[in-house]
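Secondary and tertiary structure notes
For reference, the chains in residue letters:
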Amino acid sequence: MKDAAPTTVYLEDYKPFGYVVDSVHLTFDLAPNATRVKSRIEFSPNPEAADRRFWLDGEKLKLISAKIDGKDVNPVCTAEGLSCDAPDAPFVWEAEVEIDPAGNTALEGLYMSNGMYCTQCEAQGFRKITYYPDRPDVMSVFTVRINGDLPVLLSNGNPGKSGDGWAEWHDPWPKPAYLFALVAGDLVAHSDSFTTIGGRDVALNLYVRPGDEGKCAFGMEALKKSMKWDEDVYGREYDLDIFNIVAVDDFNMGAMENKGLNIFNSSAVLASPETSTDMNFERIEAIIAHEYFHNWTGNRITCRDWFQLCLKEGLTVYRDSQFTSDMRSAPVKRISDTIDLRARQFPEDNGPLAHPVRPDSFQEINNFYTATVYEKGAEVIGMLKRLVGDAAYAEALDLYFARHDGQACTIEDWLKVFEDVTGRDLTQFKRWYSQAGTPRVKVTEHWENGTYRLTFTQSTPASVASPAPQPQVIPIAVGLIGPNGDEVVETTLLELTEETQAFEFSGLSAKPVPSILRGFSAPVILERETTTAERAFLLAHDTDPFNRWEAGRTLALETLNDMTLGGAAPNAAYLDGIVAVTRDSSLDPAYRALMLGLPSQSELAAAQAESGHTPDPMAIWNACETLRQTLAEKLQDDLPGLMAEMRVEAPYRPDAEQSGKRSLGGALLSLLTRLDGGEEAARQYAEADNMTLQLSALSCLVRAGKGEDALRQFYEQWQGDRLVIDKWFMLQVLNAAPDRAVGAAKALTEHKDFNWKNPNRFRATLGALTGNHAGFHAADGAGYALLADWLIKLDPVNPQTAARMCTAFQTWKRYDAERQGQMRAALERIAAQPDLSRDTTEMVSRILGA
Ligand SMILES: [Zn+2]
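1. Describing the overall build of the chain
Secondary structure assignment for the chain yields 27 helices and 31 strands. Whereas a compact globule of 850 residues would reach a radius of gyration of roughly 29 Å, the chain reaches 27 Å, a difference of no more than 12%. Considering only C-alpha atoms, the chain reaches an extent of 85 × 65 × 60 Å along its principal axes. For the chain, with 850 residues in total, the buried portion stands at 58%. Split by element, the accessible area of the chain, about 32,000 Å² in all, is 49% carbon and sulfur. One finds the centroid of the 83 positive side-chain charges in the chain at a distance of 2 Å from the centroid of its 121 negative side-chain charges.

Next up, the structure:
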């Protein structure tokens, strides 16, 4: 069935629901194709609402019966819900519906994955389970009974009575329907417990499919660390007797914070040294923390409406980044987050999909689970903390939890606690929530008689989402370094609020070198005309680890641009600076590994487009290859010794220390492979006793065109492990030479293990293609055509994942006329599909429309 003509929802149209839900009782009679859901819901008139229309959301439901106060009623049903005459007084609504979990491939609502029943309700999946006011500001206490012939029957809250083939659950905390969850299956538990700061014993369970028991220990430890950290740092205690996590293979996102019953994509929770890389372990630790932290920032205090999504996501991403910084290295985490922000959020903020951190309108809310809402949303929290200081931030958070516990809130509520605690007027700061686009900050300097002046000018490009952007509050952390490399002015926070503003530093004996935007203190693009010599000076001397890395990155950008656009040779200042850092054993290996990385090829393309050039993906790829080859030759004599230092003799641990060594070791191996033809990589591959080493060696071999035997061996070794086979799919496409990437992806879509209905496998293949910049942008348009073919095929089955992957086309206007034409044709071909989902329709039209 085609969705109704897309309608746009606006923030300014918000109205409270006409009724309050006092309690919800649900009974599930599970059957794969005909599950019956009985609901008994107590409604009473909402004194805050003027409009008493009784409308319940519902999609793809077969209504069996409906009653109000025990009497049959005949509601008017549409494809989106039902309406009915209802009393202007408390009443009981009872309904029975039938749904088809086995036929639900969209993975929203109640669906099946490998014989297991599972739910995903955020944002609007609950309406596919039963008729309900499916909106986050309607919060209620839920009691659930599950009848089903399966050993494990789970829902939110605390367990109630249970017996053979049935179980009851009661969640005492009022919650919106998007936090509802149900799981039923043949699962085994890895169990543990945690005693909270208040002395409450909490049972912890990680439920997995039989056979995965050995991959649970790390996730469980991460959960306990998260629970402790949230008590220590935010004073937040867990509030139920039990906390369950379930791993599921078919899942659109990373994980979901359902109250007391988190559901995880198995890739985001299952781990063992043999099958998971260090990066997998770190990601799992962060995602478990993120979902756990939502218990307070998201669940106890939720969003009034979906426009406020950043209220829970920006804050919770910020909290999980603090957690990772505390568990691991803070500078490495900050640099990694910035790389990610520039790779995913900057293109969004500067293209046709630009939207504010709090959007004003949407057609399909699933399309707004974006890097802007999440990652830029977290940056906004970081700026707020920098501006008010750590103590005031802590006080404001305490007030937020005390004032709003149990409520559905807005960004205005959030900012008000900061205003009340600090007395600051945050009106201008609020533009970070309402304006789209990445601010550019231009800096000029002036030196005279011992006084050094920095003048900043900010501007944000106008966009469809923000046609007339205004100056924002931009916290800029600055330090000054003297000619001998000593810091003469420690990190100082400047507050840029005007369009143009100057700041002076006096009493200096010599003209300093400025280190601007330390710690990436604001998500902006800094523009400053400076010399190669000055960048090299900062790369050698900056005391701020972020800006030291940034100096290396801007040098790399500069030399790669000169190589691509002007045919220049690699810049000696860059090479010498990076060689010095790589040799410097006083620096953390993880940090040195980041220093060895180049800006992504799509970032280079963006930078070239921004400066008025048309990026040529092949020229960019060639420049990166040449630069790496030159670097490898420069480091030739150092490589054996450095790699020996990075060898880990102790038993495998995925901690910061060991993974840092493996990370630098892997970066060095990829350089060495350019010199020794893969000899060392083959040796490492054969000897590897953990996935990090095995995979880094295999990637090197594939890039060198010598991976055939190892790929075959790897497949034979791991064919029984779906998560490892995802890696096998992905690395072949990511590491393919540009002229072979499309062919590699295409061949893999014909592999017997290409289960395209599984989102992880789909992303590992087609998503990987979009990550191979020169391969995806192949001049003949084959990359675009292949992706379009598959998105057309996926859309009717899983619109959410299909829509999200359309973002690969968002940068189409950056490229030459021929590529633009090919991408436009691909987008128009998708748009022309007769039954295209609301999700994909909205994405394609936004990308084409700008
Ligand atoms: Zn989240």
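We are not done yet, so read on.
2. Topic: the packing of aromatic side chains
What the rule picks out here adds up to 47 aromatic pairs. Both rings, one in F218 and one in F281, keep their centres 4.8 Å apart while their planes meet at 80°; by these two values the pair is edge-to-face. Here F281 lies in helix 2 (residues 278-293) and F218 lies in helix 1 (residues 217-234), a separation of 63 residues in the sequence. F281 carries the same exposure label as F218, and that label is buried. Note that R52 overlies the ring of Y19, its terminal NZ or CZ placed 6.0 Å from the centroid. Across the ring face of W296, the terminal group of R236 is positioned such that the distance to the ring centre comes to 4.5 Å.

3. Description of the pattern of salt bridges
Summed over all chains, the structure comprises 68 salt bridges. Between R653 and D655 there is a salt bridge, and its shortest N-O distance comes to 2.8 Å. Judged by its relative accessible area of 25%, D655 falls in the partly exposed class. Salt bridges sharing common partners tie together R36, K62, E96 and E98.

4. Things to note about the nonpolar core
Among the nonpolar cores identified, the biggest contains 266 residues, and W93, W414, F429, F456 and F809 are the most heavily contacted of them. Per element, the largest residue contribution to this core is nine residues, and it comes from helix 5 (residues 371-388). Not counting residues within four places of it along the chain, the set of residues in contact with F809 comprises F776, Y784, L787, L791, M823, A826, L827, I830 and I847.

5. Digging into the packing of helix 3 (residues 309-327) against helix 5
At a closest axis distance of 7 Å, the pairing of helix 3 and helix 5 adopts a crossing angle of 70°. As the angle between them shows, helix 3 and helix 5 are arranged roughly perpendicular. Listed contacts from helix 5 to L309, C310, E313, G314, L315, V317, Y318 and Q322 of helix 3 are V373, Y374, E375, G377, A378, I381, G382 and K385. A breakdown of the residues in the contact of helix 3 with helix 5 according to their chemical character gives nine nonpolar, four polar and three charged.

6. A word on the coordination of the zinc ion
Taken together, H290 (NE2), H294 (NE2), E313 (OE) and E313 (OE) make up the protein donors of the zinc ion, found 2.0 to 2.7 Å from the metal. Geometry at the zinc ion is irregular, judged from its four donor atoms and the angles of 54 to 154° they form at the metal. Going along the chain, you hit the donors of the zinc ion in the pattern H-x3-H-x18-E. With relative accessibility at 0%, the residue H294 sits in the buried group.

7. Digging into the sheet that holds strand 26 (residues 451-459)
The mixed open sheet is built from four strands, whose spatial order is 29-26-25-31. Every other strand in the sheet has two partners, leaving strand 29 (500-505) and strand 31 (525-527) as the edge strands with one partner each. In this sheet, adjacent strand axes meet at a mean angle of 25° when their direction is disregarded. Pairing geometry for strand 26 and strand 29, over six bridges, is antiparallel. Within the sheet, the bridge partner assigned to T455 lies in strand 29 and is A502.

8. Thoughts on the sheet that holds strand 21 (residues 261-265)
Through backbone hydrogen bonds, the strands of a sheet pair up, either in parallel or in antiparallel fashion. Spatially, 17-18-19-21-20 is the arrangement adopted by the five strands of the open sheet, whose pairing is mixed. Each edge of the open sheet is held by one strand with a lone partner, namely strand 17 (188-195) and strand 20 (255-256). Bridging between strand 17 and strand 18 (residues 201-208) involves eight bridges; their strand directions are antiparallel. Pairing of V188 across the sheet is with V208, part of strand 18. Against the sheet, helix 1 engages strand 17, strand 18 and strand 19 (242-248), with an angle of about 25° to strand 17. Strand contacts of helix 2: strand 19, strand 20 and strand 21, with the helix running at about 150° to strand 21, the strand carrying the most contacts.

9. Things to note about helix 22 (residues 759-771)
Along helix 22, the sharpest change in direction is near 30° and occurs at T765. The secondary structure elements touched by the buried residues of helix 22 are strand 21, helix 20 (722-734), helix 21 (738-749), helix 23 (773-776), helix 24 (782-794) and helix 25 (799-805). For helix 22, the side-chain oxygen to backbone nitrogen distance between the N-cap and N760 is 3.1 Å, and the N-cap itself is N758.

10. What to know about the side chain of N772
Within the secondary structure, N772 is located in the loop between helix 22 and helix 23. Among the polar contacts made by the side chain of N772, one reaches the main-chain carbonyl oxygen of A736 at a distance of 3.0 Å. Setting aside residues no more than four positions away along its own chain, N772 makes contact with V733, L734, A736 and A741.

11. Here we look at the packing of helix 3 against helix 4 (residues 330-349)
Packing of helix 3 against helix 4 brings their axes to within 7 Å, and their N-to-C directions diverge by 140°. With respect to their mutual orientation, helix 3 and helix 4 come out oblique. Counting all contacts with helix 3, which are made through S321, T324 and S325, the residues of helix 4 involved are A330, K333 and D337.

12. Structural notes on unusual backbone geometry
Of note, the bond from E122 into A123 is cis; its omega dihedral lies within 30 degrees of zero at 0°. By secondary structure assignment, the location of A123 is in the loop between strand 11 (116-120) and strand 12 (140-147). In this structure, D69 is a non-glycine residue whose phi angle is positive, near 50°. As for its placement among the helices and strands, D69 is situated in the loop between strand 5 (62-68) and strand 6 (71-72). Backbone geometry at L107 places phi at a positive 65°, although glycine is not the residue there. Its place among the elements puts L107 in the loop between strand 9 (91-99) and strand 10 (109-113).

13. A few points about the state of the cysteines
For the coordinates displayed, the defined rule picks out zero disulfides. Here C303 stays unpaired: no disulfide links it, and the sulfur of C310, its closest cysteine neighbor, is 7.7 Å away. Among the cysteines around C624, which has no disulfide bond, C700 carries the closest sulfur, lying 16 Å off. Residue classification places C624 among the buried positions, given a relative accessible area of 4%.

Criteria and cut-off values
Residues numbered from 1 in each chain as written. Predicted model: local features only at pLDDT ≥ 70, side-chain atom pairs only at ≥ 80, totals over all residues. Heavy atoms only, no water. Helix = DSSP H or I, 4+ residues; strand = E, 2+ residues; numbered from the N terminus. Rg over C-alpha atoms; globule rule 2.2 N^0.38 Å. Buried < 20%, exposed > 50% of the residue type's maximum accessible area, 1.4 Å probe, protein only. Areas by Shrake-Rupley, 256 points an atom, 1.4 Å probe, with all protein chains shown as cover. Lys, Arg positive; Asp, Glu negative; His and termini not counted. Charge placed at Lys NZ, Arg CZ, Asp CG, Glu CD. Phe/Tyr/Trp six-rings, centres within 6.5 Å; stacked < 30°, edge-to-face > 60°. Lys NZ or Arg CZ within 6 Å of the ring centre and 35° of its normal. Salt bridge = Lys/Arg side-chain N within 4 Å of Asp/Glu carboxyl O. Core = buried A, V, L, I, M, F, W, Y, C linked by side-chain atoms within 4.5 Å. Contact = heavy atoms within 4.5 Å. Axes fitted to C-alpha atoms, helices over the stretch in contact; angles between N-to-C directions. Parallel < 35°, antiparallel > 145°, perpendicular 65-115°, else oblique. Nonpolar A, V, L, I, M, F, W, Y, C, P; charged D, E, K, R; others polar. Donors = N, O, S within 2.8 Å, 3.2 Å for Na, K, Ca; no water. Tetrahedral: all angles 85-135°; square planar, octahedral: opposite > 155°, others 65-115°. Pairing = 2+ DSSP bridges. Bend = angle between axes of the 7 residues up to and from the residue. Polar contact = N/O pair within 3.5 Å; in protein donor to acceptor, adjacent residues only side chain to side chain. Disulfide = S-S within 2.5 Å.

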